Amino acid sequence: MAGTQTADARLTEVVNDLLANLRGLIRKHQISHDEYRRAIAFMMETAAKGEIPLLFDVFLEATVDQVDAAGRGGTETSVEGPFYAPEAPLLRSPCVLPHRANEPGDILLLSGTVRSVEGDALSGAMLDMWQSDAEGAYSHFNIPADQAPWNLRARVIADQSGRFEVQTWVPSPYQVPKDGPTGALLRGTGRHAWRPAHLHLRITHESCETLTTQLFFSGDPWIDSDVVGAVKQSLIVTPAKHEDPKDLKNKGFAKPYYSVVYDFSLPRVMRKAA
Ligand code: DHB
Ligand code: FE
């Protein structure tokens, strides 16, 4: 029979279950033909506007993360989201993330150590960092790449002791794009579009499983109602504010700055049994 050689057992099982669930939903909610056509138009528009990754990440990625990370150990994971850009500039710790001459907002010094779950320092671990600016804009997505290439993005290499020290800027709460079909679906189902302010990190070391996570800030107005549902208690930090004039002068900062110390812990690579 045509095509049967390439049937994949996993795909077959999942797709059959997906279809059974969708058919059940059509019956349960008595979906009309008009509603069925509207669902197709919605998917067409989502694709045409390039929002398929956004739509899936908003509604489903946190659940995939929970399933994927079950029993993992080490620092808790969180979603990657749709705004990661690979191949960011390589910088050695200590460093300052790429930024504009007049980068808005408050300076944030993020430092800590990357270790294995057993506590061994991970020499040369790489921290791929990305975030919104203080106005909620992501470079390469909301800020055109030719205006500020790699703004607040870098791959930072930790030192021999797994230590890193990075100067960045405090991000702000952020609304996922509202002007397209994802925003329309959020509005139409009575949901806001806010994510609490967050820093994205993707930490790699050859001996360990990659850690994709985010850090959030205590007191953020959206910390308990992230539209994406990606906040975990262990990932919430409280920045310290620094305003001692001598310290500011030493660092060459014109106004108070914030600091966060956070140590990351990565599980060793799980070797699959042969
Ligand atoms: C999503 C994640 C983010 O980190 C972000 O800034 C916007 C959206 C998401 O998962 O949809
Ligand atoms: Fe984000």
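Attention in this report is confined to the structure presented alongside it. (Residues numbered from 1 in each chain as written. Chains lettered and ligands numbered in written order. Predicted model: local features only at pLDDT ≥ 70, side-chain atom pairs only at ≥ 80, totals over all residues. Heavy atoms only, no water.)

### Points about the pattern of salt bridges
Side-chain pairs of opposite charge can arise whenever the charged atoms involved come near each other. We apply this condition: Throughout this description, the term salt bridge denotes a Lys or Arg side-chain nitrogen within 4 Å of a carboxyl oxygen of Asp or Glu. Strands here mean DSSP runs of E at least two residues long; helices mean DSSP runs of H or I at least four residues long; both are numbered from the N terminus. Summary of the burial criterion: residues with accessible area below 20% of their type's maximum are buried, those above 50% are exposed, and those between are partly exposed, where the area comes from a 1.4 Å probe applied to protein chains only.
Under the criterion given, the structure shown has 12 salt bridges. Two residues, Arg-115 and Asp-263, come together in a salt bridge whose shortest N-O distance is 3.7 Å. One end of the pair, Arg-115, is in strand S3 (residues 107-116); the other, Asp-263, is in the loop between strand S13 (257-261) and strand S14 (264-266), with 148 residues separating them in the sequence. Under the relative-accessibility criterion, Arg-115 is labelled partly exposed at 31%. Looking at Asp-263, the relative accessible area reads 40%, which means it is partly exposed. For the salt bridge of Arg-268 with Glu-118, the shortest nitrogen-to-oxygen distance reads 3.2 Å. Taken together, the residues Arg-268 in the segment after S14 and Glu-118 in the loop between S3 and strand S4 (126-131) connect sequence positions 150 residues apart. Arg-268 gets classed as partly exposed once you look at its relative accessible area, which sits at 29%. Sharing partners across several salt bridges, the network here consists of Arg-100, Glu-103 and Asp-133.

### Some remarks on empty space enclosed by the protein
Which entries qualify depends on this criterion: The way it works is a 1 Å grid over only the protein atoms, where trapped points that fit a 1.4 Å probe form a cavity and open points with protein on both sides within 12 Å along at least five of seven lines form a pocket, and then any residue with an atom within 4 Å of a point lines it. Grid points are joined across faces, edges and corners, and a volume is the space filled by probe spheres set on the points. Residues are grouped as follows: nonpolar covers Ala, Val, Leu, Ile, Met, Phe, Trp, Tyr, Cys and Pro; charged covers Asp, Glu, Lys and Arg; every other residue, Gly included, is treated as polar.
Summed over the entire model, instances satisfying the criterion amount to one cavity of 30 Å³ or more. Size it by volume and the largest cavity reaches roughly 120 Å³. In this structure, the largest cavity is lined by 16 residues; those nearest its centre are Gly-81, Pro-82, Phe-83, Arg-195 and Val-228. Taken together, the residues that form the lining of the largest cavity break down as nine nonpolar, four polar and three charged.

### Quick look at the coordination of the iron ion (ligand 2)
Inclusion rule: For Na, K and Ca the donor cut-off is 3.2 Å; for every other metal, N, O and S atoms count as donors within 2.8 Å. Water does not enter the count, which can leave sites looking incomplete.
Bound to the iron ion (ligand 2) on the protein side are Tyr-138 (OH), His-198 (NE2) and His-200 (NE2), at distances that span 1.9 to 2.1 Å. Mapped onto the sequence, the donors of the iron ion (ligand 2) take the spacing Y-x59-H-x1-H. Of this pair, Tyr-138 sits in the loop between S4 and strand S5 (153-157) while His-200 sits in strand S9 (residues 198-204), placing them 62 residues apart in sequence. The class for Tyr-138 is buried, based on a relative accessible area of 1%.

### Side note on the pairing of S9
We count it as follows: Two strands qualify as a pair provided DSSP detects at least 2 bridges between them.
Counting buried positions along S9 yields five of seven residues, so the element is predominantly enclosed. With six bridges joining them, S4 and S9 adopt antiparallel strand pairing. Across the sheet, Met-129 pairs through a bridge with Leu-201, a residue of S9. Pairing geometry for S9 and strand S10 (residues 211-217), over six bridges, is antiparallel. By the bridge assignment, Ile-203 is partnered in S10 with Leu-211.

### Some remarks on helix H2 (residues 33-48)
Short version of the rule: Given a helix with a known number of residues, its expected span is that number minus one, times 1.5 Å.
Compared with the 22 Å implied by 1.5 Å per residue over 16 residues, the 23 Å span of H2 between its first and last C-alpha is a close match. Just beyond H2, the residue with positive phi is Gly-50, at close to 70°.

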